[in-house]
Amino acid sequence: ALIVTGIMNPFWMANLSVNQAAMAAGTAIPHIYVQGFWDHYLLIGGVGSTLPLALMLLRSKAVHLRTIGRMGVGPGVFNINEPILFGAPIIMNPLFFLPFVLVPMVNATLAYFALKLDLVSRVVSMTPWTTPAPIGASWAANWSFSPVILCLI
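My aim in this report is to walk through the structure given alongside it, one point at a time. Just so you know, these numbers come straight off a predicted model, no measurement behind them. (Residues numbered from 1 in each chain as written. Predicted model: local features only at pLDDT ≥ 70, side-chain atom pairs only at ≥ 80, totals over all residues. Heavy atoms only, no water.)

## Structural notes on the overall build of the protein chain
Looking only at helices and strands, one finds 8 helices and 0 strands in the protein chain. The secondary structure elements of the protein chain, listed N-terminal to C-terminal, are α-α-α-α-α-α-α-α. Over its C-alpha trace the protein chain gives a radius of gyration of 16 Å, about what one expects of a compact globule, namely 15 Å for 153 residues. Structurally, the protein chain occupies a C-alpha span of about 55 × 30 × 25 Å along its principal axes. Counting every position in the protein chain, which comprises 153 residues, the buried fraction comes to 43%. Put simply, of all contacts in the protein chain between residues at least 6 apart along the chain, 56% involve residues at least 24 apart. Surface accessibility of the protein chain: about 8600 Å² in total, with carbon and sulfur atoms responsible for 75%. (Helix = DSSP H or I, 4+ residues; strand = E, 2+ residues; numbered from the N terminus. Rg over C-alpha atoms; globule rule 2.2 N^0.38 Å. Buried < 20%, exposed > 50% of the residue type's maximum accessible area, 1.4 Å probe, protein only. Contact = heavy atoms within 4.5 Å. Areas by Shrake-Rupley, 256 points an atom, 1.4 Å probe, with all protein chains shown as cover.)

## Describing the pattern of salt bridges
Across all of its chains, the model carries 1 salt bridge by this definition. Note that Arg 122 is salt-bridged to Asp 118, the shortest N-O span being 3.6 Å. Residue class for Asp 118 comes out exposed when judged on its relative accessible area of 58%. (Salt bridge = Lys/Arg side-chain N within 4 Å of Asp/Glu carboxyl O.)

## Quick notes on the packing of aromatic side chains
With the rule as written, the count across this model stands at 6 aromatic pairs. Relative to Trp 38, the ring of Trp 12 has its centre 5.8 Å away and its plane inclined at 40°; by these criteria the two rings are tilted. Highlighted residues: Trp 12 in helix H1 (residues 2–25) and Trp 38 in helix H2 (residues 35–42), separated in sequence by 26 residues. Both residues of the pair, Trp 12 and Trp 38, belong to the buried class. (Phe/Tyr/Trp six-rings, centres within 6.5 Å; stacked < 30°, edge-to-face > 60°.)

## A word on the nonpolar core
Counting residues in each nonpolar core, the largest one holds 19 residues, and the members touching the most others are Phe 37, Tyr 41, Leu 42, Leu 115, Val 120 and Leu 150. Where this core is concerned, the elements lending two or more residues are H1, H2, helix H6 (94–116), helix H7 (133–140) and helix H8 (146–152). Once residues within four sequence positions are removed from consideration, Leu 42 is found in contact with Phe 37, Ser 49, Pro 104, Asn 107 and Ala 108. Leu 57, Ile 68, Ile 84 and Leu 85 belong to the second largest nonpolar core, which has 9 residues in total. (Core = buried A, V, L, I, M, F, W, Y, C linked by side-chain atoms within 4.5 Å.)

## Quick look at the packing of H2 against H6
Here H2 crosses H6 at 125°, and the two axes come no closer than 9 Å. As far as their axial angle goes, H6 and H2 are oblique. Considering the relative orientation of H2 and H6, their crossing is right-handed. Contact residues: H2 offers Phe 37, Tyr 41 and Leu 42, while H6 offers Pro 104, Asn 107, Ala 108, Ala 111, Tyr 112 and Leu 115. When its residues are assigned to classes, the contact of H2 with H6 shows 8 nonpolar, 1 polar and no charged. (Axes fitted to C-alpha atoms, helices over the stretch in contact; angles between N-to-C directions. Parallel < 35°, antiparallel > 145°, perpendicular 65-115°, else oblique. Left-handed = near helix turned anticlockwise from the far one by under 90°. Nonpolar A, V, L, I, M, F, W, Y, C, P; charged D, E, K, R; others polar.)

## Quick notes on H6
Over its 23 residues, H6 runs 34 Å from end to end, which matches the ideal 33 Å to within 8%, given 1.5 Å per residue. Maximum bend of H6: about 25°, positioned at Leu 102, with proline Pro 104 one to four residues after it. Among the residues of H6, those classed as buried are Pro 104, Asn 107, Ala 108, Ala 111, Ala 114 and Leu 115. Looking at the buried positions of H6, the neighbouring elements they touch are H2 and H8. Of the residues flanking the start of H6, the one acting as N-cap is Asn 93, its side-chain oxygen 3.0 Å from the backbone nitrogen of Leu 95. Downstream of H6 by one or two residues, Asp 118 has phi in the positive range, about 60°. (Expected span 1.5 Å × (residues − 1). Bend = angle between axes of the 7 residues up to and from the residue. Polar contact = N/O pair within 3.5 Å; in protein donor to acceptor, adjacent residues only side chain to side chain.)

Have a look at this one:
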């Protein structure tokens with residue numbers, strides 16, 4: 001994610017600038033793929049979208065997994081998922097590899113089409129990547145409520 005972010009930042013900034021100009025002019029906001037899209041729709045709970053896993057671990061029958069879930073939910077809300085990545089463990093676990101890679105792709109596809117069909121407001125501001133997804137998505141879309149619903153879905 002850090003490599004992709006470093007490469008994509010110039011493109012995201014250019015797209016964000018165009019989106020802001022369109023908003024100021026009162027025209028349709030053209031670009032979907034900006035940093036807020038990446039941060040708040042693809043990586044909910046950190047790389048691999050592990051926040052739902054942390055929430056599921058809270059209901060595990062195994063005490064050590066419940067403990068990892070308790071340790072991971074707080075940081076996961078702020079997109080920090082190392083307790084889950086290394087505690088569950090997702091790293092070097094072939095069973096978790098496919099969901100770790102595919103869930104952000106599913107998130108991206110759903111979010112892209114929701115934004116493309118104008119069901120959700122588009123990103124017009126840059127927010128910190130550690131902002132919890134529903135709040136950050138709303139903030140990035142000029143405090144619109146539709147991104148909150150998308151994040152929760």
